[in-house]
Amino acid sequence: MVAMTGTGLTDEATYDRTRLAQWRAGQARGDGMSRRGLLRLAAGGSLALTAFGALPAATASAASPIVKPLPPELFEVYGTNAETRWEALSGQGYLTPVDRFFVRNHTSTPSIDAGTWSLKLFGTGLRGAPTADRPVEFTYADLLRLPSEAITAAIECAGNGRSHFTGQQGQTVAGTAWKLGAIGVARWCGVRLSTVLAKAGLTRHAVDVLPEGLDADYVTGGVNLGKVRRPLPVAKALQDVLLAYEMNGRPLPPDHGHPVRLVVPSWVGISSIKWLGRIEVSETPLVSPWNTQYYRLLGPGYPAEGTVVTRQVVKSAFELPWNAEFTAGGRHVLSGRSWSGNGRIRRVEVSTGDGWRRARFVGAAADRGWQRWEIPWRPSTSGSHTLRARATDIIGVTQPDVTPHNTQGYLFDAVVRHPVRVV
Ligand SMILES: Nc1nc2c(c(=O)[nH]1)N[C@H]1C(S)=C(S)[C@@H](COP(=O)(O)O)O[C@H]1N2
Ligand SMILES: [Mo]
């Protein structure tokens, strides 16, 4: 187990680079720094945490940590991460094409040969308690031979929408300043994790599984947190989790976890570990920094130890750039998508400034995906306008006007005020 003290508020590479610069400048110390100390540093420092969105262009290294092309009309790049531009989904089908699916990398995309790769399972929750040295192994070919299953599901970063804590609520939060494009919906095909766990000898005493990536160790604030990994309870692992080797009908691309990734429907993106290498199966509960330190809701409204984040919240986005232009008197159709970790969307209402109107659903929706919708708009007066979309999901949860603040800026679910111009 690695040390879990003295590290940052955030999992974000951009923030880390900034903090490193602060250390070099003698403005901070890494050892023994408390979370409270970091909070003070963040709040009082000359660098506004939420200005991070503006930093990567100046600090990005020459070699991209992402393999696929990132044309500026499809992506906005933040250090090792790239967000889908919402206007790039306009006119697209239900699924997010791979060429515009967001990428969230703690370090960089590794190159892994499926021919020599194997998935290794070990731990006290398996019959005979195989050790990490002598694990139960499945090659890529083994997985292809097992019964396959396809699901349509969203993967969304827990920090999606984070920039709106600042832009809309005036609050300071730590982490990549995503707008709303840290989500994608794909058709994932692979083997159920339950199938592989059963074959590996899962016992009735197993409580947690800990999947781990093969990408480089994540080093933050001078502390090596080890491989990217995050535990799941066996109950979720057996419910609907997939070991995916295909995305939208093609082998999983390098940036999205080739050869095999986990897909954990409805849970925050970090659960869906890419470039899967090992899975520990344990009789005792497991933790990692990705559930004790990151992906916790922390702040005044939460208990001191925070609340762990599992399920995604309800959100909506217009398929428009910020400050899109419309002609006055023209007949326009506004399109967008809404989604929720609780399941399907029941209703979407849109406001263009004069009350809420119900949007029309376009096509069917997958349980774990999103709902496309549209609504006509004929603006009469020129000038600045604010568009708002508000969704209600299957269990009756509606997007609020304000999201309670948490320091790491997770789970922003408030209605986003989208500025446009009528000319
Ligand atoms: N091994 C590994 N798995 C990972 C990550 C990572 O950096 N390394 N990032 C996680 C996070 S925070 C998110 S939001 C999703 C993003 O998946 P994508 O890059 O395919 O869009 O992958 C998750 N799985
Ligand atoms: Mo994420």
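Residues numbered from 1 in each chain as written. Chains lettered and ligands numbered in written order. Predicted model: local features only at pLDDT ≥ 70, side-chain atom pairs only at ≥ 80, totals over all residues. Heavy atoms only, no water.

K.L.:
Can you break down the overall build of the protein chain residue by residue, with the values?
P.N.:
Per the secondary structure count, the protein chain includes 8 helices and 26 strands. In the protein chain, which comprises 423 residues, the share counted as buried stands at 56%. Contacts spanning at least 24 positions in sequence make up 73% of the contacts within the protein chain whose residues lie at least 6 apart. A total accessible area of about 17200 Å² is found for the protein chain, and carbon and sulfur atoms account for 53% of it. (Helix = DSSP H or I, 4+ residues; strand = E, 2+ residues; numbered from the N terminus. Buried < 20%, exposed > 50% of the residue type's maximum accessible area, 1.4 Å probe, protein only. Contact = heavy atoms within 4.5 Å. Areas by Shrake-Rupley, 256 points an atom, 1.4 Å probe, with all protein chains shown as cover.)

K.L.:
Quick rundown of helix α6 (residues 193-200)? Include the residues and the values.
P.N.:
When α6 is considered as a whole, its buried residues turn out to be Leu-193, Ser-194, Val-196, Leu-197 and Ala-200. The buried residues of α6 occupy one face: seen down the axis, they fall within an arc of 165°. Exposed positions of α6 whose direction lies more than 90 degrees from the buried face are Ala-198 and Lys-199. Once α6 ends, the next one or two residues include Gly-201, with phi positive near 95°. (Arc of directions from axis to C-beta.)

K.L.:
Talk me through the sheet that holds strand β4 (residues 118-122); I want residue IDs and the actual numbers.
P.N.:
Taken in spatial order, the 5 strands make up an open sheet running β5-β4-β15-β8-β11, and their pairing is mixed. If you trace the sheet from one side to the other, it starts and ends with β5 (136-139) and β11 (232-233), each paired once. Judged from the 3 bridges that link them, β4 and strand β15 (residues 276-282) form a sheet pairing that is parallel. Considered in β15, the bridge of Phe-122 is made with Glu-280. (Pairing = 2+ DSSP bridges.)

K.L.:
An account of the packing of aromatic side chains is needed here, citing residue identities and associated values.
P.N.:
Throughout the structure, instances matching the rule amount to 14 aromatic pairs. Ring centres of Tyr-140 and Tyr-245 lie 6.4 Å apart, and the angle between their planes is 75°; this geometry places the pair in the edge-to-face category. A residue pair is termed long-range when its members are at least 10 positions apart, and Tyr-140 in helix α4 (residues 140-145) and Tyr-245 in strand β12 (residues 242-247) qualify at 105 residues. A relative accessible area of 5% means that Tyr-245 is categorised as buried. Taken together, a centroid distance of 6.0 Å and an interplanar angle of 65° make the contact between Trp-339 and Trp-370 edge-to-face. (Phe/Tyr/Trp six-rings, centres within 6.5 Å; stacked < 30°, edge-to-face > 60°.)

K.L.:
Kindly report on unusual backbone geometry, identifying the contributing residues and their values.
P.N.:
Across the junction of His-258 and Pro-259, the peptide omega takes the value 5°, indicating a cis bond. The residue Pro-259 is located in the loop between β13 (250-251) and β14 (261-263) in this model. Even without being a glycine, Asn-323 presents a positive backbone phi close to 60°. Mapping Asn-323 onto the fold places it in the loop between β18 (315-318) and β19 (324-326). In this structure, Leu-411 is a non-glycine residue whose phi angle is positive, near 50°. Looking at the secondary structure, you find Leu-411 in the loop between β25 (383-393) and β26 (418-422).

K.L.:
Help me get a handle on the nonpolar core, residues and values and all.
P.N.:
Residues Leu-119, Leu-121, Val-196, Leu-243 and Ile-279 are the most contacted members of the largest nonpolar core, which totals 48 residues. Within the residue set of this core, elements represented by two or more residues are β4, α4, β7 (183-192), α6, α7 (234-239), β12 and β15. Ranked by the residues each element gives to this core, the list is headed by α6, at 4 residues. Beyond its immediate stretch of four places on either side in the chain, Ile-279 contacts Leu-119, Lys-120, Leu-121, Phe-122, Leu-193, Val-209, Leu-210, Pro-211 and Leu-243. Core analysis: the second largest hydrophobic core is formed by 18 residues, Phe-326, Val-348, Trp-377 and Val-420 among them. (Core = buried A, V, L, I, M, F, W, Y, C linked by side-chain atoms within 4.5 Å.)

K.L.:
Pulling in residues and values, what's your account of the site of ligand 1?
P.N.:
As a structural note, the neighbourhood of ligand 1 is formed by 20 residues, with Phe-102, Asp-215, His-256, Arg-261 and Lys-274 the closest of them. Asp-215 places a side-chain nitrogen or oxygen 2.7 Å from a nitrogen atom of ligand 1. The separation between an oxygen atom of ligand 1 and a polar side-chain atom of Lys-274 is 2.6 Å. A total of 530 Å² of accessible area belongs to ligand 1 in isolation, and the protein chains cover 100% of it. The residue makeup of the shell around ligand 1, split by class, is 10 nonpolar, 6 polar and 4 charged. (Near = heavy atom within 4 Å. Polar contact = N/O pair within 3.5 Å; in protein donor to acceptor, adjacent residues only side chain to side chain. Nonpolar A, V, L, I, M, F, W, Y, C, P; charged D, E, K, R; others polar.)

K.L.:
Describe a nonpolar patch on the surface, naming the residues involved and giving the relevant values.
P.N.:
Together, Ile-394, Ile-395 and Val-397 make up a nonpolar patch on the protein surface, roughly 250 Å² of accessible area in all. Considering the arrangement of structural elements, one finds Ile-395 in the loop between β25 and β26. (Patch = residues over 30% accessible without salt bridge, like charges linked within 9 Å, V, L, I, M, F, W, Y side chains within 5 Å. Salt bridge = Lys/Arg side-chain N within 4 Å of Asp/Glu carboxyl O.)

K.L.:
Go over the sheet that holds strand β2 (residues 81-84) with me, naming the residues and quoting the values.
P.N.:
Taken together, the 3 strands give an open sheet; going across it, the order is β1-β2-β3, and neighbouring strands pair in antiparallel fashion. Strand pairing shows two members of the sheet lacking a second neighbour, β1 (75-78) and β3 (103-104), which therefore form its edges. Note: β1 against β2, 4 bridges, orientation antiparallel. Considered in β2, the bridge of Val-77 is made with Ala-82.

K.L.:
Go over the pattern of salt bridges, please, and point to the residues and values.
P.N.:
Tallied over the full model, the rule gives 17 salt bridges. Residue Glu-325 is joined to Arg-421 by a salt bridge in which the shortest nitrogen-to-oxygen separation is 2.6 Å. Here Arg-421 lies in strand β26 and Glu-325 lies in strand β19, a separation of 96 residues in the sequence. In this structure, the salt-bridge partner of Glu-374 is Arg-360, at a minimum N-O distance of 2.8 Å. Residue Glu-374 is found in strand β24 (residues 370-377), and its partner Arg-360 is found in strand β23 (residues 360-362); the two are separated by 14 residues along the sequence. The network of salt bridges with shared partners includes Glu-76, Arg-85 and Lys-179.

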